[in-house]
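# Coordinate inspection notes
In case you want the letters, here they are:
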Amino acid sequence: QKEVEQNSGPLSVPEGAIASLNCTYSDRGSQSFFWYRQYSGKSPELIMFIYSNGDKEDGRFTAQLNKASQYVSLLIRDSQPSDSATYLCAVGERSNYQLIWGAGTKLIIKP
Amino acid sequence: DAGVIQSPRHEVTEMGQEVTLRCKPISGHDYLFWYRQTMMRGLELLIYFNNNVPIDDSGMPEDRFSAKMPNASFSTLKIQPSEPRDSAVYFCASRNTDTQYFGPGTRLTVL
């Protein structure tokens, strides 16, 4: 069974520091990788996606992908209290339009 | 763009009653997904459609659940009869290229 694993947290990070969120996946055929943010009582919203090995940066967010290690991470620089949320990792295959979802990591940014 | 629209936002019903959840996807999106989210099980895919055709309903928990998509702009998820264990937040998402966009969700409580 295809699985995506995340540490449930909570991960507590001081304001202004770098938050590092990690995700591992079981299916080597996976080709697309997504990070969603979900505030309490709200729906998941896309932060960014990555397809290729290496880093992809978007503002304060950087996604890192290592297909050999089946590992994807999200770095948040200069963390703000507004970044406090649950971060969901999702993994997909090109041939299958479903996403396999992790259980999410709860991030708390302390002022 | 209005985004994915779901109704109702909240539904409280009694065990045994029929529940119908509604979704309007983003115009031009050809995939529609129904998810259920609980604290215990996280985000679970129930069923998804492509061009109004159900592609995979293996996540539908029981025959009490059914989903339809009569046209490109409307889908329903029906539970009949409802049970307390169906209490959850139900999300509809639509997709273009690789990215899924979520609606605000329907919080269902079955007493």
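This text goes with the structure placed above it.
Here goes a summary of the coordinates provided.

## Considerations on the interface of chain A and chain B
Listed as interface residues are 16 residues of chain A and, on the opposing side, 17 residues of chain B. Of the roughly 1400 Å² buried where chain A meets chain B, counting both sides, 53% is carbon and sulfur surface. Along the contact surface separating chain A from chain B lie zero salt bridges. If you look at where chain A meets chain B, you find five residue pairs in polar contact (both at pLDDT 80 or more).

## What about the environment of Met60 of chain B?
Residues and elements named next belong to chain B. Tracing the backbone through its elements, the reader meets Met60 in the loop between strand 6 (53–56) and strand 7 (65–71). Assessed through its relative accessible area of 14%, Met60 is described here as buried. Residues Met60 and Trp34 lie 26 residues apart in sequence; the distance between their C-alpha atoms is 9.5 Å. If we skip the residues at most four places from it in the chain, Met60 touches Leu46, Ile47, Phe65, Ser66, Ala67 and Leu77.

## Regarding the pattern of salt bridges
As enumerated under the stated definition, the model contains 12 salt bridges over all chains in all. A salt bridge links Glu45 of chain A to Arg37 of chain A; the nearest nitrogen and oxygen atoms lie 3.2 Å apart. Assessed through its relative accessible area of 33%, Glu45 of chain A is described here as partly exposed. A salt bridge links Lys78 of chain B to Glu18 of chain B, with the nearest nitrogen and oxygen atoms 3.8 Å apart. Placement of the pair is Lys78 of chain B in strand 8 (residues 74–79) and Glu18 of chain B in the loop between strand 2 (10–13) and strand 3 (19–24), with a sequence separation of 60 residues. Classification of Lys78 of chain B by relative accessible area gives partly exposed; the value is 31%. Note on Glu18 of chain B: relative accessible area 44%, which makes it partly exposed. Within this structure, Glu62, Arg64, Glu83, Arg85 and Asp86 of chain B form a network of salt bridges that share partners.

## Points about the sheet that holds strand 7 (residues 61–66) of chain A
Residue and element names in this part refer to chain A. The five strands lie next to each other as 1-3-8-7-6, forming an open sheet whose pairing is antiparallel. Lying at the two open borders of the sheet, with one neighbouring strand each, are strand 1 (4–5) and strand 6 (54–58). Here strand 7 runs beside strand 8 (residues 71–76); their pairing, made up of six bridges, is antiparallel. Of the residues in strand 8, the one forming a bridge with Phe61 is Ile76.

## With respect to the state of the cysteines
Covalently bonding the sulfur atom of one cysteine to the sulfur atom of another cysteine gives a disulfide. All names here are of chain A. Within the structure shown, the criterion is met by two disulfides over all chains. Each disulfide pairs two cysteine sulfurs, and for Cys23 the partner residue is Cys89, the sulfurs being separated by 2.1 Å. Here the S-S torsion is close to -75°, and the disulfide linking Cys23 with Cys89 is therefore left-handed. A residue pair is termed long-range when its members are at least 10 positions apart, and Cys23 in strand 3 (residues 19–25) and Cys89 in strand 9 (residues 85–93) qualify at 66 residues.

## What about the packing of aromatic side chains?
All told, the structure shown has 13 aromatic pairs over all chains when counted by the stated rule. Plain terms: the ring middles of Phe34 of chain A and Phe49 of chain A are 6.2 Å apart, the flat faces sit at 50° to each other, and that makes the pair tilted. Separated by 15 residues along the polypeptide, Phe34 of chain A in strand 4 (residues 32–38) and Phe49 of chain A in strand 5 (residues 45–50) bring together distant segments of the chain. The exposure class assigned to Phe34 of chain A is buried, which follows from its relative accessible area of 1%. Its relative accessible area of 27% is what places Phe49 of chain A among the partly exposed residues. Three or more aromatic residues link up through ring pairs in this structure, and these residues are Tyr36 and Trp101 of chain A together with Tyr31, Phe33, Tyr35, Tyr48, Phe91 and Phe102 of chain B. One cation-aromatic arrangement involves Lys56 of chain A over Phe49 of chain A; the distance from NZ or CZ to the ring centre is 3.8 Å. Arg95 of chain B extends its terminal NZ or CZ atom over the ring of Tyr31 of chain B, reaching a point 5.2 Å from the ring centre.

Cut-offs applied
- Residues numbered from 1 in each chain as written.
- Chains lettered and ligands numbered in written order.
- Predicted model: local features only at pLDDT ≥ 70, side-chain atom pairs only at ≥ 80, totals over all residues.
- Heavy atoms only, no water.
- Contact = heavy atoms within 4.5 Å.
- Buried area = accessible area lost by both parts, 1.4 Å probe.
- Salt bridge = Lys/Arg side-chain N within 4 Å of Asp/Glu carboxyl O.
- Polar contact = N/O pair within 3.5 Å; in protein donor to acceptor, adjacent residues only side chain to side chain.
- Helix = DSSP H or I, 4+ residues; strand = E, 2+ residues; numbered from the N terminus.
- Buried < 20%, exposed > 50% of the residue type's maximum accessible area, 1.4 Å probe, protein only.
- Pairing = 2+ DSSP bridges.
- Disulfide = S-S within 2.5 Å.
- Phe/Tyr/Trp six-rings, centres within 6.5 Å; stacked < 30°, edge-to-face > 60°.
- Lys NZ or Arg CZ within 6 Å of the ring centre and 35° of its normal.

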